[in-house]
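Examining the three-dimensional arrangement
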Amino acid sequence: KTRQKGKKKKKNINLNQSKKQSVSFVCLTCHEKEEIPLSVVRDFDLMDDGDPTTPPMFSCEKCGGRMYPEYYEGVHGIKYRLSDIL
Ligand SMILES: [Zn+2]
């Protein structure tokens, strides 16, 4: 018998999410607005172990500028608001 112990596979993939949550991101340059699924934003947030005071940011498809969340509560419990930096 071979027992595979200590091998932890941590994969949380929810393909059928019942909650459809998303975060609104606004481009700081051209003010283009984009809805990004919360799960994607969280993944981004978790991967980025840099400065926790900076929210995950995406680049604008129109101008390549940085997109800031209109409102987002990060994985570290920090709330980011676009109005805070404007
Ligand atoms: Zn833009």
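Quick caveat, the model's predicted, so the values are computed rather than measured.

As a further point, take the pairing of strand E1 (residues 22–27). Regular strands have side chains that alternate between both faces of the sheet. Burial runs high along E1: 5 of the 6 residues are buried. Relative to strand E2 (residues 33–37), E1 is paired through 5 bridges, and the arrangement is antiparallel. Bridge pairing links Val 26 to Lys 33 in E2. In this structure, E1 lies alongside strand E4 (residues 66–69), joined through 3 bridges in antiparallel fashion. Bridge pairing links Phe 25 to Pro 69 in E4.

Here is a general trend for soluble globular proteins: nonpolar side chains tend to be buried in one another's company. Within the largest apolar cluster, 15 residues are counted, with the highest numbers of intra-cluster contacts made by Val 23, Phe 25, Val 41, Phe 58, Met 67 and Tyr 72. Contributions of two or more residues to this core are made by E1, helix H1 (38–47) and E4. A per-element tally of this core places E1 first, with 4 residues. Setting aside residues no more than four positions away along its own chain, Phe 58 makes contact with Phe 25, Ile 36, Val 40, Val 41, Phe 44, Gly 65, Arg 66 and Met 67.

This next bit is on a nonpolar patch on the surface. On the surface, Leu 28, Ile 85 and Leu 86 cluster together into a nonpolar patch covering about 300 Å² of accessible area. For Leu 28, a relative accessible area of 34% gives the class partly exposed.

What follows covers H1. Each α-helix turn comprises 3.6 residues. Residues three or four places apart therefore point the same way. Those residues of H1 lying buried are Leu 38, Val 41 and Asp 45. Taken end-on, H1 shows its buried residues confined to a sector of 65°, consistent with a single buried face. Across from the buried face of H1, at angles greater than 90 degrees, the exposed residues are Leu 46 and Met 47. Contact partners of the buried residues in H1: E1, E2, strand E3 (58–59) and strand E5 (71–73).

Criteria and thresholds
- Residues numbered from 1 in each chain as written.
- Predicted model: local features only at pLDDT ≥ 70, side-chain atom pairs only at ≥ 80, totals over all residues.
- Heavy atoms only, no water.
- Buried < 20%, exposed > 50% of the residue type's maximum accessible area, 1.4 Å probe, protein only.
- Helix = DSSP H or I, 4+ residues; strand = E, 2+ residues; numbered from the N terminus.
- Pairing = 2+ DSSP bridges.
- Core = buried A, V, L, I, M, F, W, Y, C linked by side-chain atoms within 4.5 Å.
- Contact = heavy atoms within 4.5 Å.
- Patch = residues over 30% accessible without salt bridge, like charges linked within 9 Å, V, L, I, M, F, W, Y side chains within 5 Å.
- Areas by Shrake-Rupley, 256 points an atom, 1.4 Å probe, with all protein chains shown as cover.
- Salt bridge = Lys/Arg side-chain N within 4 Å of Asp/Glu carboxyl O.
- Arc of directions from axis to C-beta.

Scope: geometric values only; no functional claims are made or implied.
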